[in-house]
Amino acid sequence: MSEVVLQAESLTKHYGDVQALVDLNLEVYAGEVFGFLGPNGAGKTTAIRVFMDEIRPTTGRITIFGMDARKKSVEIRRRIGYLPGELALYPNLTGRDTLTYFANLRGGVDWAYVEQLADRLVADLSKKVGDLSSGNRQKVGLIQAFMNKPDLLIMDEPSSGLDPLMQREFQSMLREIIAEGRTVFLSSHTLSEVQRVAERVGIIRHGRLVAVESVHDFRSKSIRRVELEFRSPVAASVFAAVPGVRDVLSQNHRIVLSYDGKMDVLLRTVADRYDLVDITTQEADLEEVFLAYYRDEATPDEATGNDSTSHRGVRA
């Protein structure tokens, strides 16, 4: 069993009558990328802000590197890199001035490494932050999160605003961190981003952790939205007997459906009998995935907004 780097125990946060987090139990291990998945408003950012001691939980406890996140906040922050979901930077400082400011707060960093990060992300550090696009501001934020070579990197929607090439470079940077035995906690509402780099994922919905799974197991449950175009009309009933097919919609020569099985099974159903012209697939919205696969896990109390159960993360 690997070292537990971050542990949440019965973590709950209420804002008045709003339950932002409910009885969250979670363990993140050394040397892994842990993906924290959920739609907007699910409680991801609230959880991270509690981890970072930016806000205090209503009940529950957070330990990071075996230290209480509230009592040992300063010691913990020395070993963490952090990128918030809503990045606020001084608009009149250049990117270089911004990074210098953060470096001084940390007591200094290796500037050769900072320059290396800037080169990899194609970040222009000479411009004022206020003159940068959202994607280029995000690059500055990523550099400040990486530049102290943290033991634990906590990031909330880190690829926001990045173009596909920069997203790929960012993913390479994450893999290098893991190769060095460090740990990443990656929060996102984008399924594909997390699947490319994470080993395990935690699924949060309405403030409740509904599952912790390996990426392999989660992929096996992923839904695709599939659009099939035929030379001539095909009835929706053709797909009724295919396991994993649901919500079939027939539109003249086009069939649109949701599917959670192997594509070769679906294609064999139609390829020998119908003239298939084109096929396109895309990932279903995360909320659709949750509704399809975790509806049955909701307890009667959860359905009414009162959670009496605890979902403890088990290493897959």
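Chemist: I tried to follow the packing of helix H5 (residues 134-146) against helix H6 (residues 164-179) on my own but got confused; where do I start?
Modeler: When two helices pack together, you describe them by how their axes are tilted relative to each other and by the distance separating the axes. In contact at an axis separation of 13 Å, H5 and H6 are set at 5° when each is read in the N-to-C sense. Put simply, H5 runs roughly parallel to H6. Within the contact between the two elements, H5 uses Lys-139, Leu-142 and Phe-146 and H6 uses Met-166, Phe-170, Met-173, Leu-174 and Ile-177.

Chemist: Mind showing me how you'd approach helix H3 (residues 95-105) here?
Modeler: Note on helix geometry: an α-helix contains 3.6 residues per turn, so any two residues three or four positions apart are oriented the same way. Every buried residue belonging to H3 is among Gly-95, Thr-98, Leu-99 and Ala-103, and all of these are buried. The buried residues of H3 occupy one face: seen down the axis, they fall within an arc of 135°. Set apart from the buried face of H3 by more than 90 degrees, the exposed residues are Asn-104 and Leu-105. Gly-107 occupies a position one or two residues after H3 and carries a positive phi of about 85°.

Chemist: Just checking my understanding: could you explain the confidence of the model for the chain for this structure?
Modeler: Reading fine detail from the predicted coordinates is not recommended where pLDDT is low. When the pLDDT values of the chain are averaged, the result is 86; 88% of them are 70 or greater. When pLDDT is averaged over each helix and strand of the chain, the minimum, 34, is found for strand E15 (residues 311-312) and the maximum, 97, for helix H4 (residues 111-120). Across residues 296-316, where pLDDT falls below 50, the model places 34 contacts with residues more than four positions away in sequence or in other chains.

Chemist: Where do I start with unusual backbone geometry in this structure?
Modeler: It is generally the case that most residues other than glycine have a negative phi and that most peptide bonds are trans. Residue Phe-65 is not a glycine yet carries a positive backbone phi of 55°. Its location among the elements puts Phe-65 in the loop between strand E4 (59-64) and strand E5 (67-68). A relative accessible area of 13% means that Phe-65 is categorised as buried. The phi dihedral of Asn-252 is positive, around 60°, even though this residue is not glycine. By secondary structure assignment, the location of Asn-252 is in the loop between strand E12 (245-251) and strand E13 (254-259). The class for Asn-252 is exposed, based on a relative accessible area of 54%.

Chemist: How should I be thinking about the side chain of Ser-258 in this particular structure?
Modeler: You can see Ser-258 is positioned in strand E13. On the basis of relative accessible area, Ser-258 is assigned to the buried category, the value being 8%. Setting aside chain neighbours within four positions, we find Ser-258 in contact with Ile-223, Arg-224, Gly-244, Val-245, Arg-246 and Asp-247.

Chemist: What am I meant to see in the pairing of strand E1 (residues 4-15) here?
Modeler: Consecutive side chains along a regular strand alternate between the two faces of the sheet. Pairing of E1 with strand E2 (residues 18-29) involves eight bridges; the strand directions are antiparallel. Paired with Gln-7 across the two strands is Glu-27, which belongs to E2. Between E1 and E2, which pair antiparallel one after the other, the connecting turn spans two residues, and Gly-16 there sits at a positive phi close to 65°. Of the strand pairs in this sheet, E1 and E4 are connected by five bridges, and their pairing is antiparallel. Its bridge partner being in E4, Ala-8 is matched across the sheet by Ile-62.

Chemist: I would appreciate a short explanation of empty space enclosed by the protein in the present structure.
Modeler: Rolled over the atoms, a probe sized like a water molecule indicates the empty space that remains. Here the structure, examined in full by the defined rule, presents one cavity of 30 Å³ or more. Estimates place the volume of the largest cavity at around 50 Å³. Every residue lining the largest cavity is listed: Phe-51, Met-52, Asp-53, Ile-64, Ala-69, Ser-73, Ile-76, Arg-77 and Ile-80. A per-element tally of the lining of the largest cavity places helix H2 (residues 73-77) first, with three residues. When the residues that make up the lining of the largest cavity are grouped by side-chain class, the tally is six nonpolar, one polar and two charged.

Chemist: When you look at the nonpolar core in this model, what are you seeing that I'm missing?
Modeler: For soluble globular proteins, nonpolar side chains are generally found buried alongside one another. Among the nonpolar cores identified, the biggest contains 43 residues, and Ile-143, Phe-146, Met-155, Leu-174 and Val-184 are the most heavily contacted of them. Sequence-distant contacts of Leu-174, that is, excluding residues within four places in its chain, are made with Phe-146, Leu-153, Met-155, Val-184, Leu-186 and Val-197. Residues Val-5, Ile-48, Ile-62 and Phe-65 belong to the second largest nonpolar core, which totals 30 residues.

Chemist: Just to check I follow, could you spell out H4 for this structure?
Modeler: When H4 is considered as a whole, its buried residues turn out to be Tyr-113, Val-114, Leu-117, Ala-118 and Arg-120. Viewed along the axis of H4, the buried residues span an arc of 165°, placing them on a single side of the element. For H4, the exposed residues lying more than 90 degrees away from the buried face are Ala-112 and Asp-119. Packing partners of the buried residues in H4 comprise H3, H5 and H6. Where H4 begins, the side chain of Asp-110 points an oxygen toward the backbone nitrogen of Ala-112, at a separation of 3.1 Å. The first or second residue beyond H4 is Val-122, which carries a positive phi of 50°.

Rules used throughout
Once a new chain begins, its residue numbering starts again from 1 and follows that chain's sequence as written. Only residues with pLDDT of at least 70 are given local features in this predicted model, and only at 80 or more are side-chain atom pairs given and counted; all residues enter the totals for whole chains, interfaces and linings. The basis for the side-chain values is all heavy atoms of the structure; hydrogens and waters are excluded. The axes used here are C-alpha line fits, helices contributing only the stretch in contact, and every angle between their N-to-C directions lies in the interval 0 to 180 degrees. In DSSP terms, a helix is any run of H or I states spanning at least four residues, a strand is any run of E spanning at least two, and both are numbered starting from the N terminus. Each angle gets one of four labels, with under 35 degrees taken as roughly parallel, over 145 as roughly antiparallel, 65 to 115 as roughly perpendicular, and the rest as oblique. By definition in these notes, contact holds between two residues if any of their heavy atoms fall within 4.5 Å. The buried label applies to any residue whose accessible area, calculated with a 1.4 Å probe on protein chains only, is under 20% of its type's maximum; exposed applies above 50%, and partly exposed to all values in between. The directions from the helix axis to the C-beta atoms form the arc being described. On a scale of 0 to 100, pLDDT captures the predictor's confidence in every residue. When DSSP finds at least two bridges between two strands, those strands are taken to pair. Buried and open spaces are told apart on a 1 Å grid over the protein atoms alone, a cavity being a set of points where a 1.4 Å probe fits but cannot get out and a pocket being an open set with protein on both sides within 12 Å along at least five of seven lines. Residues with an atom within 4 Å of a point are the lining residues. Grid points are joined across faces, edges and corners, and a volume is the space filled by probe spheres set on the points. Ten residue types, Ala, Val, Leu, Ile, Met, Phe, Trp, Tyr, Cys and Pro, are classed as nonpolar, four, Asp, Glu, Lys and Arg, as charged, and the remainder, Gly among them, as polar. For our purposes a nonpolar core is just a set of buried Ala, Val, Leu, Ile, Met, Phe, Trp, Tyr and Cys residues, chained together by side-chain atoms within 4.5 Å. Here a polar contact means two N or O atoms within 3.5 Å. Within protein one must be a hydrogen donor candidate and the other an acceptor candidate, and residues neighboring in sequence count only if both atoms are side-chain atoms.

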